[in-house]
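Residues per chain are reported as follows:
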Amino acid sequence: MKGRLGHVLAALAALIVIQVDARYTVMVPGPVEFTHDVLRAAGGPSMSHMDPNFINHFGETLELLREIFLTKVGQPFVVAGSGTLGWDMFAAAYLEPGDSVLVLNTGYFGDRFAENMEVYGANITHLRAPVGDRPSLQEIEQALASAPHPYKAITITHVDTSTGVLMDVKETSALVRKKSPSTLIVVDGVCSVGGEELYFDEWRLDVVITASQKALGVPPGLAIMMFSPWAIAALEARTSPIPAYYGSLKKWLPIMRAYEAREPKYFATPPVQLIMALRASLHQILQSHGHGHIRERFYDHRDASNTIKSELMKWGLKFVPTTLEAAAHTMTAVYLPEGINPKDVLEQCMNRHVLIAGGLHPELVGRYIRIGHMHVSITDKQMGHVKRVLFALKEALHDLGYDTEGPEAEWKMEHGEEPPHQEYDPYEDSEDIETITIRNEWRDATPPSQGGSPSQGGPQGSAGGSDDDEDEYKDEF
C-alpha cells in the first residue's frame, strides 16, 4: 500500500512540476501579470450585484479610481467590456453626424479610434506623424487654427501600443485649452493609466478611457473611464437620442452615482468578480507607496523602461520611437536585426517560458517586437521579470545568430568604459550625462531597413539555457 501511495504521490509531484514548467512569464503590452490577491478576488464566491457588501465595494472602487486618475471632480465609469467599448461609449454619447474630430495619430490605434467615431457620422481629420514619431505642438496648433470651426473633440492616444510612442498629453492639453477651449480633450489611456504620468484635474482633461488588463493589473473585461464635470454637463444637455443601448453613458451615469452613494440600482448586471478584482488591485497599487503617492508608481515604470531600453541599446538594437521623449515607459517597441524574423524570436522566448509580442503596425510587419513592462512585473523587483525577459531575449537572439556582445565590445573600445546605464531619479530635475548620451545615441540610430528570413548561421544552444547561464546573466544587473 505504501509503495502504491508513493507512486501516486510521485506522479502528482511530476504533474505539478510539468504545470509549473509550462507557466509563462507574460511580458506583452497587455494583458499583464496579476497578483495573487487579484486572482483570489477574481475567483471569489458568487455574490449578487445587489448584495449590500458588493454595493459598498463597487462604490469604494469608483472612489479609488479617482486617486489613480489624480482627480477630485471626475466621474468614473466601470462597465463590462474592453477598452474599445470605452471608445464606443464616448463616440455614441458625444458625436453626432457632421461633428468634426481631430485625431492625433501615432499608430494603429489612432486609426481604429477614428474608424469607431466615423460609425457615428463624425468627420475625421488625421494629424499623422511618420511612424515612430508624434505630431509636434506647432503642427497641432496649425491644425486647430486652420479648422473652419472648432473641433468637437481632439483625441490623443497616450501610448499607441502598435508603436510604443508616447504623446505629451500635458502640453497638448494646455495648447488646446488656449487655442480651442470648447474642444473636448479625449485621451485613449488604455496602455498608460496606472503606469504613465497622467493628471486628470491638473491637465484639465475631459475624457480618459482605459481598460483593466494593462497597468491596472486586472484580467481583461472592464472598460474604465473618467469624465470631467464639463463633459458630464454636455452629456446631460444632449437632447437627441444616443444611438446605443448597453453602451449609453446616459443609462450608466445614474448607476455609477447610485453605487457610489451605496444605493442599489439596476440597468445591466455588472461583472461582480472582475470589479472585486479591480478593487483588490487598486488597493494594492495605492498602498504600495501610500495613498496620495501614485506619482512614485510612475517613477517605477520609468525606471524599468530605462533599464530595458538601456540594455537593448547595448546590444545595438534600434527602437520604433524616434526619440527618447517619444518612447513609452509601459512598453518597448524595438526593431530586430536584419535577417531575424519576429516569429522565431517569439518562439525562442517561449521556449524559455517568456511571452513577448510581435509587431502589429501594418507598415512595419516582420520588422519589430514589443515588450510590455507594467504593473507587478516592474513594481515587485523580487519577481525578476525584467531580468527574465532580457535574459530570454538575449539568448533567443544569440541562438538565431545575432551577437549581442558585439555592440558592447565596440563601445568599450571607443570609449574605454561600459555603455551607459540610465537610472531615473524622480527627485533630480537636471539631466545627467547618461540621459543625454542615451538620447544622442537614440537620435543617431538608424533602424534596419527591412526584416527577413531567420539567420541560418550562428551559435546554437539548448532551448532553455542552463540555470548557470541565467544566474550569470542576472549577475550583470
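Residues numbered from 1 in each chain as written. Predicted model: local features only at pLDDT ≥ 70, side-chain atom pairs only at ≥ 80, totals over all residues. Heavy atoms only, no water.

Visitor: Sorry, what's going on with the overall build of the protein chain here?
Guide: Looking only at helices and strands, the protein chain features 17 helices and 14 strands. Taken over 477 residues, the protein chain has a buried fraction of 53%. By sequence separation, contacts in the protein chain at least 24 residues apart represent 74% of the contacts at least 6 residues apart. Just so you have it, the protein chain exposes about 20900 Å², and 53% of that area is on carbon and sulfur atoms. (Helix = DSSP H or I, 4+ residues; strand = E, 2+ residues; numbered from the N terminus. Buried < 20%, exposed > 50% of the residue type's maximum accessible area, 1.4 Å probe, protein only. Contact = heavy atoms within 4.5 Å. Areas by Shrake-Rupley, 256 points an atom, 1.4 Å probe, with all protein chains shown as cover.)

Visitor: Before we go on, may I ask you to explain the pairing of strand S9 (residues 207–211) in this structure?
Guide: In the case of a regular strand, side chains alternate between the two sheet surfaces. Extensive coverage of S9 is indicated by the burial of five of its five residues. Burial of S9 is two-sided: the residues Val-207, Ile-209 and Ala-211 facing one way and the residues Val-208 and Thr-210 facing the other way are all buried. With three bridges connecting them, strand S8 (residues 184–188) and S9 associate as parallel partners. Residue pairing in the sheet places Asp-188 in a bridge with Ile-209 of S9. (Pairing = 2+ DSSP bridges.)

Visitor: For this particular structure, what's the right way to read the packing of helix H6 (residues 137–146) against helix H7 (residues 169–179)?
Guide: Helix packing for two helices is described by the angle between their axes and how far apart those axes are. Running from N to C, H6 and H7 cross one another at 25°; their axes reach a closest spacing of 10 Å. Comparing their axes, H7 and H6 come out roughly parallel. Considering only the axes of H6 and H7, their crossing is right-handed. Facing Leu-137, Ile-140, Glu-141 and Leu-144 of H6, the residues of H7 in contact are Glu-171, Thr-172, Leu-175, Val-176 and Lys-179. For the contact of H6 with H7, a count of residues per class yields five nonpolar, one polar and three charged. (Axes fitted to C-alpha atoms, helices over the stretch in contact; angles between N-to-C directions. Parallel < 35°, antiparallel > 145°, perpendicular 65-115°, else oblique. Left-handed = near helix turned anticlockwise from the far one by under 90°. Nonpolar A, V, L, I, M, F, W, Y, C, P; charged D, E, K, R; others polar.)

Visitor: I'm lost on helix H5 (residues 108–118) in this one. Help?
Guide: In an α-helix, one turn spans 3.6 residues; hence positions three or four apart end up facing the same way. Taken as a whole, H5 has its buried residues at Phe-109, Gly-110, Phe-113, Ala-114, Asn-116 and Met-117. Projected onto a plane normal to the axis of H5, the buried residues spread over an arc of 155° and lie on a single side. (Arc of directions from axis to C-beta.)

Visitor: What am I meant to see in the pattern of salt bridges here?
Guide: A side chain with one charge can pair with a side chain of the opposite charge if their charged atoms come near. Scanning all chains against the criterion turns up 14 salt bridges. Residue Glu-63 pairs with Arg-262 through a salt bridge whose shortest N-O separation is 3.0 Å. With a gap of 199 residues between them, Glu-63 in helix H3 (residues 52–69) and Arg-262 in the loop between helix H9 (249–260) and helix H10 (272–289) connect regions that are remote in the sequence. Overall, the relative accessible area of 32% leaves Glu-63 in the partly exposed class. Classification of Arg-262 as partly exposed rests on a relative accessible area of 32%. (Salt bridge = Lys/Arg side-chain N within 4 Å of Asp/Glu carboxyl O.)

Visitor: Even after reading the chapter, I still don't get the nonpolar core, so can you show me in this structure?
Guide: One recurring pattern in soluble globular proteins: nonpolar side chains tend to sit buried together. Residues Phe-69, Phe-90 and Met-117 are the most contacted members of the largest nonpolar core, which totals 106 residues. Tallying contributions element by element places H10 first for this core, with 10 residues. Discounting residues that sit within four places of it in the chain, Phe-90 has contacts with Leu-95, Phe-113, Met-117, Ala-153, Leu-184, Val-186, Val-207 and Ile-209. Within the second largest apolar cluster, 27 residues are counted, among which are Ala-304, Cys-349, Ile-378 and Leu-400. (Core = buried A, V, L, I, M, F, W, Y, C linked by side-chain atoms within 4.5 Å.)

Visitor: Is there a simple way to explain unusual backbone geometry in this structure?
Guide: Glycine aside, residues mostly have negative phi angles, and peptide bonds mostly take the trans form. Of note, the amide linkage connecting Gly-30 to Pro-31 takes the cis form, showing an omega dihedral of 0°. Here the phi dihedral of Leu-70 falls at roughly 55°; this positive angle occurs in a residue that is not glycine. Take Leu-70: it is sitting in the loop between H3 and strand S2 (75–80). Here the phi dihedral of His-375 falls at roughly 55°; this positive angle occurs in a residue that is not glycine.

Visitor: Teacher, can you tell me more about the environment of Gly-221 here?
Guide: Structurally, Gly-221 is set in the loop between S9 and strand S10 (222–227). Those residues in contact with Gly-221 that lie beyond four places of it in its chain are Val-79, Ala-80, Gly-81, Ser-212 and Leu-274.

Visitor: How do you make sense of the sheet that holds S2 when you look at a structure like this?
Guide: Strands belonging to one sheet form pairs held by backbone hydrogen bonds; the direction of such a pair is parallel or antiparallel. Spatially, the seven strands line up as an open sheet ordered S2-S10-S9-S8-S5-S3-S4, and their pairing is mixed. Edge positions in the sheet fall to S2 and strand S4 (123–128), since each has one partner strand and no second. Geometrically, the sheet is characterised by an average inter-axis angle of 20° between neighbouring strands, direction not taken into account. As defined by bridge partners, strand S3 (residues 100–105) adjoins S4 across six bridges and the pair is classed as parallel. Of the residues in S4, the one forming a bridge with Asn-105 is Arg-128. Taken strand by strand, H9 contacts S2 and S10, and its axis lies near 110° from that of S2.

Visitor: It is not clear to me how the side chain of Glu-196 should be interpreted in this structure. Could you clarify?
Guide: Position of Glu-196 relative to the elements: it lies in the loop between S8 and S9. Although Glu-196 is buried, it forms no salt bridge, and the closest oppositely charged side chain is Arg-302 at an N-O distance of 5.4 Å. Beyond its immediate stretch of four places on either side in the chain, Glu-196 contacts His-158, Val-159, Leu-166, Phe-298, Ala-328, His-329 and Thr-330. (Lys, Arg positive; Asp, Glu negative; His and termini not counted.)

Visitor: What is the right way to look at the confidence of the model for the protein chain in this model?
Guide: Keep in mind that low pLDDT regions are not for reading the predicted coordinates in detail. The predicted model of the protein chain has a mean per-residue pLDDT of 86, with 80% of residues at 70 or higher. A low-confidence stretch, residues 8–21 (pLDDT under 50), is modelled with one contact involving residues beyond four sequence positions or located in other chains. Long-range and interchain partners of residues 449–477, a stretch whose pLDDT sits below 50, account for 49 contacts in this model, where long-range means more than four residues apart. (pLDDT = per-residue confidence, 0-100.)

Visitor: Looking at this model, I keep getting lost on the pairing of S2. Mind explaining?
Guide: Counted residue by residue, S2 has five buried out of six residues, so it is predominantly covered. The sheet contact formed by S2 and S10 spans six bridges and is antiparallel. Residue pairing across strands places Pro-76 opposite Met-226, the latter belonging to S10.

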